[in-house]
Each structure stands twice: as C-alpha cells, then as structure tokens.
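For reference, the chains in residue letters:
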Amino acid sequence: MGEYLKPTLMQRKGMLVVPQVVRNELGLEHGSPVDWFKGNDGWTIRPAMSLDEALNHIGDALREKGISQEELMAELTKARGEVVNEQRKSKSKKSKKPKA
Amino acid sequence: MRRIFIDSSTFVPAAYSERSPARALLTAAQNQQVTLIISPLVLSETERALRNKLPQALPYFEYAVSIIPFERVQPTAKDLAQAEGVTIDPFDVPIVAAAKIAKVDALVSYNIKHLFTKQVSDYIGAPVLTDAQMMRLIREEQSKK
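These numbers come from a predicted model, not from an experiment.

Rules used throughout
Residues numbered from 1 in each chain as written. Chains lettered and ligands numbered in written order. Predicted model: local features only at pLDDT ≥ 70, side-chain atom pairs only at ≥ 80, totals over all residues. Helix = DSSP H or I, 4+ residues; strand = E, 2+ residues; numbered from the N terminus. Rg over C-alpha atoms; globule rule 2.2 N^0.38 Å. Buried ≥ 20, exposed ≤ 12 C-beta atoms within 10 Å, placed from the backbone. Axes fitted to C-alpha atoms, helices over the stretch in contact; angles between N-to-C directions. Parallel < 35°, antiparallel > 145°, perpendicular 65-115°, else oblique. Left-handed = near helix turned anticlockwise from the far one by under 90°. Contact = placed C-beta atoms within 7 Å. Nonpolar A, V, L, I, M, F, W, Y, C, P; charged D, E, K, R; others polar. Pairing = 2+ DSSP bridges.

A. The overall build of chain A, seen in detail. A tally of helices and strands in chain A yields three helices and two strands. In sequence order, chain A lays out its α and β elements as α-β-β-α-α. For chain A, whose C-alpha radius of gyration is 23 Å, the value lies well above the compact-globule estimate of 13 Å for 100 residues. Principal-axis analysis of the C-alpha atoms gives chain A an extent of 60 × 50 × 30 Å. Across the 100 residues of chain A, 12% fall into the buried class.

Set out below in structure tokens:
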C-alpha cells in the first residue's frame, strides 16, 4: 500500500516545498542534492547517490552478470578501435566534401 | 593540484572494487584533491563498452561522471598528427595527444603493454603510471604535509 500526502503547490520558478515528513524520512536538509529518476511508475525523487553508490551499482551488476574485469577491459579495447575508426572515417568524409 | 589524465581502463577497477586505488583516485578528484582530465574518446569508448556488455549500468556511469569535476580536453587534428608514431598501437594516439595538450603530471592507465614506454612519457613530458602507483605518490605527498 502506498501513502499519500496532501498535494503540494508549485511556487515561482518551479520551486516545490518537500513536506517535512518526507524531508525527515529522507534526511534532506538545506543544500542536500536530490536525484530525479524516471521509472515505470513515473518520476521519483530520492537523496542523490554518492559516487561510491553509483560505482558499486556498476560493479555489482557486472559481477551479477558474470562479466570479469578482463572481459570489460577487452571490450574497452574493442570500443576504442571502433570509436577511433569512426572518427577517422567521418573526418576523411568531411575533408573529401567538394567545395561549393 | 596534480593534473592527471585518466585512461578509460581506470573506470574498470574503480567499479569492481571499493578499495581499489582507481576508486580512491576518482574520490580524490571529487574531493578536489587532484584534477582528473579526460577526453571525449575516454567517455565514448567507456559508454560503448558498457552499452555492449551491460546497458543497465550506463545511467550509473553517466551519473558518476557528472559528479566528478573532470577537466575535458579535445586534441585537434594537428595534435593527433603530431602524436602519430609515438604509441605502439595507433588507436592510442588520441589518448597520448590529449594527455600532451593537457600538460599533465601523469597519465594513469592499465594499458601497460602499449602506453608504458619511454617514447610516450617523453612525449607527454610526464610518467605513465598505474592507479596504484599514482595513489602511492599522492599518499606519500600527503603524509609529508
């Protein structure tokens, strides 16, 4: 079951007051960064992720999928080759364009 | 503040291990203890590798990049031409060219086979180090203060 609070009115310049009960529960205070996330049920706000949390998400997901560091390093090498080749091709196409 | 160019390979151990020197390096940049420099190639190839292997991790990578105050440099065609022949692998030329123009104190990479050469460090005017070597230097410097 969800929980509803009374609607909050938007103020000038898109400012919204986060209800105190929500601020307390999320530990938000003046200057706290928040994330806006669009999921299947619409937009959600939550206290901003730390750098560690974001990187841990990636690491956990890679481990869960059984992707080793070596495999990802090899994918990076492959990606570098592809990106550099694409950039070279696009530059040579531009330089071959006939002048009007 | 030390100026350090990081290769995309630095993001891999940083994601896998909370205790890795690579993670400590990214955290030091977030805390503005060092200046980390990247180029658009570093971002493009990392995003592509993640998109191919694990697309659901991409938003977390983009978020991590957005909260680290990276300095970004883009080598010109002239910079790339000048760096030709410096690297063993021609695909590494844009990285070396970017590190050169960024006037770095070090280039951090895991590409030991191709980038850890005298030619590369002479060209960029700085050592090429692993994340562990870099963090050791930073910690030694901090302990002297």
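After that view of the structure, there is still more to cover.
B. Spotlight on the packing of helix α2 (residues 21-30) of chain B against helix α9 (residues 131-144) of chain B. Residue and element names in this part refer to chain B. Contact pair α2 / α9: the axes reach a minimum separation of 8 Å and the direction vectors enclose 55°. Our classification of the angle between α2 and α9 gives oblique. As α2 packs across α9, the resulting crossing turns out to be left-handed. Judged by residue contacts, Pro21, Ala22, Ala24, Leu25 and Ala28 of α2 engage Asp131, Ala132, Met134, Met135 and Ile138 from α9. The class makeup of the residues in the contact of α2 with α9 is nine nonpolar, no polar and one charged.

C. Fine view of the sheet that holds strand β1 (residues 2-6) of chain B. Residue and element names in this part refer to chain B. Taking strand neighbours across the sheet as the criterion, the five strands line up as β3-β2-β1-β4-β5 in an open arrangement whose pairing is parallel. Two strands close off the open sheet at either side, each with one partner strand: β3 (71-72) and β5 (128-129). In terms of strand pairing, strand β4 (residues 106-108) meets β5 through two bridges, oriented parallel. Directly across from Leu107, in β5, lies its bridge partner Val128.

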